[in-house]
Amino acid sequence: MTKRDAASQAELVLPEGLHCIDFAVKKPDIARRASAYVRVLASYTQHNDQTEQQLNGAYASADQEQLRALIHGLKGAAGNLGMQPLYALAAEQEAWLREGGTIHEAVFEELLTLFRYSLDDALAIVKANSAEAEPETNTEAFKDLIQDISAYLRRSEVLKATLREQLQQQVQNQPRLQALCKALDLYDYDEALELIADL
């Protein structure tokens with residue numbers, strides 16, 4: 001298994017305190033592959049760095065067509081990324097604008113708040129699943145732990161419980177280490193050794 005395969009199979013880490021993304025309400029199809037979902041969320045934050053300014057401009061100038069187009073884009077992205085509160089409000093307001101209505105200021109502010117939450121949630125998920133969040137793997141203690149685990153795997157011996165517990169303490173929100181623990185739990189020592197080689 002390559003590093004890329006391990007990352008794509010790693011479980012997605014959802015940090016606490018998300019406001020707009022709730023998989024209990026709807027888990028988007030793309031979230032089945034953690035790495036793809038994280039990449040798309042990163043792209044979402046980059047692509048929408050000027051969107052709030054554009055929304056405010058269209059709202060202030062009463063440019064209903066531009067506002068509708070911007071809200072349509074938000075609706076599509078929010079629906080695909082599992083941002084249900086933003087999706088629902090954007091869909092409602094897009095339909096309202098299409099019928100010739102205007103968005104009340106309080107509703108527009110709520111839309112902006114949900115949009116900000118969507119960006120915050122996306123950034124939080126990207127950060128929780130990024131390589132930057134991974135533990136320091138070049139500390140002596142971590143290297144020693146991995147060497148001890150590797151020795152057991154190469155001998156095809158059952159891993160000592162204390163080594164497994166030490167590794168589990170390192171895992172936290174680390175997709176690569178989660179994948180390693182999963183391989184160990186399944187006694188897939190070949191995969192575990194490949195994952196270790198990529199650390």
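Since the model is a prediction, treat every value here as computed from it, not as a measurement.

Participant: Any details on the side chain of Ser-118? Residues and values, ideally.
Facilitator: In this fold, Ser-118 is placed in helix α6 (residues 105–128). Of the residues examined, Ser-118 reaches a relative accessible area of 0% and is grouped as buried.

Participant: Go over the packing of aromatic side chains with me, naming the residues and quoting the values.
Facilitator: Enumeration over the complete set of coordinates arrives at three aromatic pairs. Consider the rings of Phe-23 and Tyr-37, whose centres lie 5.8 Å apart with planes at 55°: the pair is tilted. With Phe-23 in the loop between α1 (3–9) and α2 (34–47) and Tyr-37 in helix α2, this pair connects stretches of sequence that are 14 residues apart. Look at Tyr-59 and Phe-108: their rings are 4.0 Å apart centre to centre, the planes differ by 5°, and that puts the pair in the stacked class. In this pair, Tyr-59 sits in helix α3 (residues 51–60) while Phe-108 sits in helix α6, placing the two residues 49 residues apart along the sequence.

Participant: For the environment of Ala-90, give the residues involved together with the corresponding values.
Facilitator: Within the element layout of this structure, Ala-90 appears in helix α5 (residues 84–98). By relative accessible area, Ala-90 is classed as buried at 0%. As for Ala-90 and Ile-71, which are separated by 19 residues in sequence, their C-alpha atoms are 5.7 Å apart. When sequence neighbours within four positions are dropped, the list of residues in contact with Ala-90 reads Ile-71, Lys-75 and Leu-111.

Participant: Hey, could you go over the pattern of salt bridges for me, with residue numbers and the actual values?
Facilitator: If you walk through the whole model with that rule in mind, you get eight salt bridges. Between Asp-29 and Arg-32 there is a salt bridge, with the nearest N and O atoms lying 3.3 Å from each other. Each member of the pair, Asp-29 as well as Arg-32, carries the same accessibility label: exposed. For Glu-52, the salt bridge identified is with Arg-116, shortest N-O distance 2.6 Å. Taken as a pair, Glu-52 in helix α3 and Arg-116 in helix α6 lie far apart in primary sequence, 64 residues in all. Note on Glu-52: relative accessible area 23%, which makes it partly exposed. Overall, Arg-116 belongs to the partly exposed group, its relative accessible area being 34%.

What counts and what doesn't
Residues numbered from 1 in each chain as written. Predicted model: local features only at pLDDT ≥ 70, side-chain atom pairs only at ≥ 80, totals over all residues. Heavy atoms only, no water. Helix = DSSP H or I, 4+ residues; strand = E, 2+ residues; numbered from the N terminus. Buried < 20%, exposed > 50% of the residue type's maximum accessible area, 1.4 Å probe, protein only. Phe/Tyr/Trp six-rings, centres within 6.5 Å; stacked < 30°, edge-to-face > 60°. Contact = heavy atoms within 4.5 Å. Salt bridge = Lys/Arg side-chain N within 4 Å of Asp/Glu carboxyl O.

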